[in-house]
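Examination of the molecular architecture
Below, each chain spelled out in residue letters.
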Protein chains: 4
Amino acid sequence: MLEELREHVLAANLALPRHGLVKLTSGNASGIDRERGVVAIKPSGVQYETLTASDLVIVDLDGKVVAGERRPSTDTPSHLALYRAFEGIGGIVHTHSTWATAWAQAQREIPLLGTTHADLSPHPIPLTRPLTQEEIDGDYERATGDVLVEAIAERDPLEVPCALVRAHAPFCWAADPAAAVEVAVTLEEVARTALLTTVLDPDVPPLAQALRDKHHRRKHGPRAYYGQR
Amino acid sequence: MLEELREHVLAANLALPRHGLVKLTSGNASGIDRERGVVAIKPSGVQYETLTASDLVIVDLDGKVVAGERRPSTDTPSHLALYRAFEGIGGIVHTHSTWATAWAQAQREIPLLGTTHADLSPHPIPLTRPLTQEEIDGDYERATGDVLVEAIAERDPLEVPCALVRAHAPFCWAADPAAAVEVAVTLEEVARTALLTTVLDPDVPPLAQALRDKHHRRKHGPRAYYGQR
Amino acid sequence: MLEELREHVLAANLALPRHGLVKLTSGNASGIDRERGVVAIKPSGVQYETLTASDLVIVDLDGKVVAGERRPSTDTPSHLALYRAFEGIGGIVHTHSTWATAWAQAQREIPLLGTTHADLSPHPIPLTRPLTQEEIDGDYERATGDVLVEAIAERDPLEVPCALVRAHAPFCWAADPAAAVEVAVTLEEVARTALLTTVLDPDVPPLAQALRDKHHRRKHGPRAYYGQR
Amino acid sequence: MLEELREHVLAANLALPRHGLVKLTSGNASGIDRERGVVAIKPSGVQYETLTASDLVIVDLDGKVVAGERRPSTDTPSHLALYRAFEGIGGIVHTHSTWATAWAQAQREIPLLGTTHADLSPHPIPLTRPLTQEEIDGDYERATGDVLVEAIAERDPLEVPCALVRAHAPFCWAADPAAAVEVAVTLEEVARTALLTTVLDPDVPPLAQALRDKHHRRKHGPRAYYGQR
């Protein structure tokens, strides 16, 4: 019964090296079956080249393994915190993609500098607050998920579909795993273009509010006219 | 009867991911049949991998769909404004290619720093003026085309075969769709080399006028001696 | 009897161009059979495309060729110095990978700026001291190995699994040749992300000590919980 | 009789896109048969994908076409000036490779910052002087070759196997066309690493003289011990 979930999550994981977003075993994608309350996620430290649907680990929302022979990704508690907090999301992707990670390491949110970014989100890409010593020593990966939720604050997580964990790397989410991969691809391009823009002009102004709204509304919401719907 | 136009425009669209100029569904190429007064263009939000000639949408110069099952690219009114203004062009390519987009986001024209650029155009790559609030709220995509036309001013659009939409990305054009792809490839390389040059020396002088003229004349105009003509 | 060693070292060498870490004939990987006291290493100046297991050269720990028709890599004495000093290592990779080499040429250690780095090592990537005129004129390649050993000082070489030779390039090591390749891949990514981070903020602070320890312990040591062990 | 020359020059041209050194039809490789006094070179403006040995043009040292149906590269007079001046060279490669071209456009020689560079040449990569108005208006491509020769001055062209034409791009040469391709590959990597080094430290000192000499002598000259000779 979980075959479809496994197939979608496998496809999302295999897309990460194909898009150049991961090296070796880093990164992971997951998906949730909201009816059954279970999440499929990449096993920890496994190569993408040999990953199969049956390698994926099925956990419940408390992190208990309910199917699969392997240990789930060490980042599983971060994924679960996001699934618990954001009921509208169905897939999550975590990578250490180069350019987004550079912004995370520089401990800067990604400013909204152009329409490519506005197509993804009408907001800067947020940066999480520093973890406390207690959070690092305690349930570290869960705390990582919690500060991501904090960074989105009261906003719609589908309008801010990604954030940077400070000094770490991005997490991305969407309605399903395939869409979360698309967020990760677009975020990396947005991060890259923003960094190169900053090289050309460190003080470049953010995109005008009218253009932010316009581009986001072209793709999202009731008056969207992008795509084939 | 439009099969040839469709094939040329399909080939131009498929060349964009092959040259690394687009991610996911972003970007689009079009071509015009001047005799029939119709334009073939990529449908909105469709993956390149599965795009076929019959997916392309045929519109007239006012934007009315005259053939095709799908919705045309949201950027169609920008293409049409360019085709109406520039009678000598036969193909248009729009991408968010990384390095050209960085210049657009930095809101700087691309200075003419070397012979690679001079082979493409004897002028800096122009940047459009900011759109007004009214233009953004009104027929936004048409206004985008109009400011591109404005940026070329009285010059020959085949001598200035591309421009940057401010805080957005480049548009490129040429005598036919395949040639517009070549402009897009060259522009991205020119943008990349110019940015790296700027890193080495932010105050580097532009190319000497004599070299601008020489390189452009080698490839273009009555005394051209580049190529096999 | 040395077939297995040769196969592992061949695989490590062939992985270098596949990961984009080497150009033309530059770079080399080696592995040691501690029981027999012999090292297999790439022959000098040979193309990767045509490299076979029988091309590899077998040398003892003093550098004497004990099997193989070809001349060993000119960097062999550097490898041997590392094998002699670090008894826990089983494989070494030397490349001139672009971003790590940029740090080596800038004569700067790579600061620890994020968790990607902390997953590799809880320390900055060290830089060797300048060689003296006597060292350069004498047994240069051995001296290169000796200053690498010096740069690790009293630390566990598996906790500092790589270092930059000043104005030259990185050396990487691990328990076996395949793991040394993984260090080389990760180091290059760490070097690249650190350089881009530095572009965004030249004065970015290093990763908090608590996060350094946490991330390293997730992957290494008795309480590691990353992977499938 | 010229089949072997044609095959070597074809192989060198086809290597350029494979190594990512050229876009579209830019760039060209040539080779000389010193006995017959003829040069084989890429035809002007022809795509690499469809290039065949019979497309190559054979010219004498004065530029007269002696075989071939097509027009030779517009850069032919630059190649011929180099062949006439440097009797020891057998192949030439001209590209607009990105990172070397950035240095050319910044009008800076490439400083010798590390051993990768020293393996290629014990000297900075020279930059040609500006062409005069007369040189540009006259036999421009020949003048380009002449200033390259000037930039090498009294040095051995095999010790300074490449130079940057100011505001234009690099030319590379070697004993044969395949070796000239290797120079072009290495130069691009040297240019890239040097630019990234400069980003990390604009005032980084050049490589110590002892290391320059050491690395160059490892690969070149009577006491070379790199490779299988």
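Rules used in this analysis
- Residues numbered from 1 in each chain as written.
- Chains lettered and ligands numbered in written order.
- Predicted model: local features only at pLDDT ≥ 70, side-chain atom pairs only at ≥ 80, totals over all residues.
- Heavy atoms only, no water.
- Helix = DSSP H or I, 4+ residues; strand = E, 2+ residues; numbered from the N terminus.
- Rg over C-alpha atoms; globule rule 2.2 N^0.38 Å.
- Buried < 20%, exposed > 50% of the residue type's maximum accessible area, 1.4 Å probe, protein only.
- Contact = heavy atoms within 4.5 Å.
- Areas by Shrake-Rupley, 256 points an atom, 1.4 Å probe, with all protein chains shown as cover.
- Lys, Arg positive; Asp, Glu negative; His and termini not counted.
- Charge placed at Lys NZ, Arg CZ, Asp CG, Glu CD.
- Pairing = 2+ DSSP bridges.
- Buried area = accessible area lost by both parts, 1.4 Å probe.
- Salt bridge = Lys/Arg side-chain N within 4 Å of Asp/Glu carboxyl O.
- Nonpolar A, V, L, I, M, F, W, Y, C, P; charged D, E, K, R; others polar.
- Axes fitted to C-alpha atoms, helices over the stretch in contact; angles between N-to-C directions.
- Least-squares fit on C-alpha atoms with pLDDT ≥ 70 in both.
- pLDDT = per-residue confidence, 0-100.
- Parallel < 35°, antiparallel > 145°, perpendicular 65-115°, else oblique.
- Left-handed = near helix turned anticlockwise from the far one by under 90°.
- Expected span 1.5 Å × (residues − 1).
- Phe/Tyr/Trp six-rings, centres within 6.5 Å; stacked < 30°, edge-to-face > 60°.
- Lys NZ or Arg CZ within 6 Å of the ring centre and 35° of its normal.
- Core = buried A, V, L, I, M, F, W, Y, C linked by side-chain atoms within 4.5 Å.

Turning our attention to the overall build of chain A. For chain A, the helix and strand inventory stands at eight helices and seven strands. Relative to the 2.2 N^0.38 estimate, which gives 17 Å for 229 residues, the radius of gyration of chain A is 17 Å and therefore close to what a compact globule would have. C-alpha extents for chain A along the principal axes are approximately 50 × 45 × 35 Å. A buried classification covers 60% of the 229 residues belonging to chain A. Expressed as a percentage of contacts within chain A between residues at least 6 apart in sequence, the contacts between residues at least 24 apart total 62%. Here chain A displays about 8,600 Å² of accessible surface, and carbon together with sulfur accounts for 50% of that area. Considering chain A, the positive charge centre built from 23 side chains and the negative charge centre built from 31 side chains are found 5 Å apart.

Moving on, we get to the pairing of strand β2 (residues 38–41) of chain B. Residues and elements named next belong to chain B. Of the two faces of β2, the one carrying V38 and A40 and the one carrying V39 and I41 are both buried. Sheet topology places strand β1 (residues 28–33) next to β2; four bridges connect them, and they run antiparallel. Residue D33 lies in a different strand from β2, and its bridge partner there is V38. In terms of strand pairing, β2 meets strand β3 (residues 57–60) through four bridges, oriented antiparallel.

Despite not being glycine, A167(A) has its phi angle at roughly 60°, a positive value. The class for A167(A) is buried, based on a relative accessible area of 3%. Of note in the backbone geometry, L24(D) takes a positive phi value of approximately 50° without being a glycine. Its place among the elements puts L24(D) in the loop between α1 (3–18) and β1 (28–33).

Here we come to the interface of chain B and chain A. Taken together, the contact pairs 33 residues of chain B with 32 residues of chain A. Interface area for chain B against chain A, summed over the two sides, is near 2,900 Å², with a carbon-plus-sulfur share of 56%. In this structure, the connection of chain B to chain A is made through two salt bridges. With a shortest N-O distance of 2.6 Å, R218(A) and E141(B) are connected by a salt bridge.

This paragraph deals with the interface of chain B and chain D. Much of the literature gives interface size as the accessible area that the parts lose upon coming together. Counting residues at the interface gives 32 residues for chain B and 33 residues for chain D. Buried area between chain B and chain D, both sides added, is near 2,900 Å², and the carbon and sulfur share of it is 56%. Ranking the residues of chain B by area buried against chain D places L200(B), Y226(B) and Q228(B) at the top, with a combined share of 23%. At the junction of chain B and chain D, the tally comes to two salt bridges. Put simply, the parts of the chain that give the side of chain B that touches chain D at least two residues each are α4 (115–120), α7 (177–200) and α8 (209–219) of chain B. Here the side of chain B that touches chain D gets 11 residues from one element, more than from any other, and that element is α7(B). A breakdown of the residues in the side of chain B that touches chain D according to their chemical character gives 14 nonpolar, 10 polar and eight charged.

A separate point is the sheet that holds strand β6 (residues 162–164) of chain A. Residue and element names in this part refer to chain A. Read across the sheet, seven strands follow the order β4-β3-β2-β1-β5-β7-β6 without closing on themselves; strand pairing throughout is antiparallel. In this open sheet, the two strands that pair with only one neighbour each are β4 (65–67) and β6. In this sheet, neighbouring strand axes are inclined to one another by 25° on average, regardless of whether the strands run parallel or antiparallel. Where β6 meets strand β7 (residues 170–174), three bridges bridge the pair, whose relative direction is antiparallel. For L164, the partnering residue across the bridge sits in β7 and is P170. On the sheet, helix α1 (residues 3–18) packs against β1 (28–33), β2 (38–41), β3 (57–60), β4 and β5 (91–94) and is oriented at approximately 160° with respect to β1. Along the sheet face, helix α7 (residues 177–200) touches β1, β5, β6 and β7 and points at about 135° away from the line of β7.

Mapping chain B onto chain A calls for a screw motion: a turn of 90° about the axis and a shift of 0.0 Å along it, with 0.0 Å RMSD after fitting. In the structure described here, the two chain copies are related by an operation that fits a four-fold rotation axis. Closest to the rotation axis within chain B is the C-alpha of V199(B), separated from it by 5.4 Å. Little of the interface of chain B is mirrored in chain A, where only 3% of its interface residues again form contacts.

So, about the confidence of the model for chain A. Taken as a whole, chain A shows an average pLDDT of 96; of its residues, 100% reach a score of 70 or greater. With pTM at 0.97, the complex prediction returns an ipTM value of 0.96.

The next thing to look at is the environment of L120(D). All names here are of chain D. Along the polypeptide, L120 turns up in helix α4 (residues 115–120). For L120, a relative accessible area of 8% gives the class buried. Separated by 38 residues in sequence, L120 and L158 place their C-alpha atoms 9.5 Å apart. When residues no more than four places from it in sequence are discounted, the contact partners of L120 are I125, E159, P161, C162, V183, T186, L187, V190, H216 and H220.

Moving on: the relation of the copies chain B and chain D. Mapping chain B onto chain D leaves a residual RMSD of 0.0 Å; the transformation is a rotation of 90° accompanied by 0.0 Å of translation along its axis. Comparing interface residues between copies, only 3% of those in chain B also sit at the interface in chain D, which points to a heterologous contact through distinct surfaces.

Here the focus is the arrangement of the chains. Over all C-alpha pairs, chain B and chain C never come within contact, reaching a minimum spacing of 11 Å. Of all C-alpha pairs spanning chain A and chain D, none lies closer than 11 Å, and the two are not in contact.

Take the packing of helix α3 (residues 98–105) of chain D against helix α7 (residues 177–200) of chain D next. All names here are of chain D. Following both chains from N to C, one finds α3 and α7 inclined at 60°, their axes separated by 7 Å at the closest point. Taken together, the axes of α3 and α7 lie oblique to each other. Crossing angle aside, the handedness with which α3 passes α7 is left-handed. Along its contact with α3, which presents T98, W99, A100, A102 and W103, the element α7 presents L187, E188, A191, R192, A194, L195, L196 and T198. Residues of the contact of α3 with α7, tallied by class, amount to nine nonpolar, two polar and two charged.

For the rest of this paragraph, the subject is the environment of S97(D). Residue and element names in this part refer to chain D. Along the polypeptide, S97 turns up in the loop between β5 (91–94) and α3. You can call S97 buried: its relative accessible area is 2%. S97 sits 74 residues away from K23 along the chain, and the two C-alpha atoms are 8.6 Å apart. The residues contacting S97, other than those within four sequence positions of it, are L21, P170 and E188.

With that settled, the discussion passes to helix α1 (residues 3–18) of chain C. Residue and element names in this part refer to chain C. With 16 residues, α1 extends 23 Å from end C-alpha to end C-alpha; this agrees with the ideal 22 Å at 1.5 Å per step. Buried residues in α1 make contact with β1 (28–33), β2 (38–41), β3 (57–60), β4 (65–67), β5 (91–94) and α7 (177–200). G20 occupies a position one or two residues after α1 and carries a positive phi of about 70°.

With that out of the way, let us pick up the packing of aromatic side chains. Inspection of the entire model under this criterion finds four aromatic pairs over all chains. Here the aromatic rings of F86(C) and W173(C) are separated by 5.6 Å at their centres, their planes lie at 45°, and the arrangement is tilted. Linking F86(C) in the loop between α2 (76–85) and β5 with W173(C) in strand β7 (residues 170–174), this pair joins segments that are 87 residues apart in sequence. A relative accessible area of 0% means that W173(C) is categorised as buried. Residue placement shows K219(A) over the ring face of Y226(A); its charged tip is 4.4 Å from the ring centre. Stacked on the ring of Y48(C), the Lys or Arg K42(C) has its end atom at 4.5 Å from the ring centre.

Counting residues in hydrophobic clusters, the biggest one holds 144 residues, and the most contacted among them are I110(A), I110(B), I110(C) and I110(D). Residues within four places of I110(C) in sequence aside, it is in contact with W103(C), H117(C), P124(C), I125(C), L164(C), L187(C), V190(C), A191(C) and A194(C). With 19 residues, the next largest nonpolar core counts I41(C), V57(C), V160(C) and W173(C) among its residues.

A word on the side chain of H79(B). Here H79(B) shows up in helix α2 (residues 76–85). Apart from residues no more than four positions distant in its own chain, H79(B) is found in contact with N28(B), A29(B), S30(B), I41(B), I92(B), H94(B) and F171(B).

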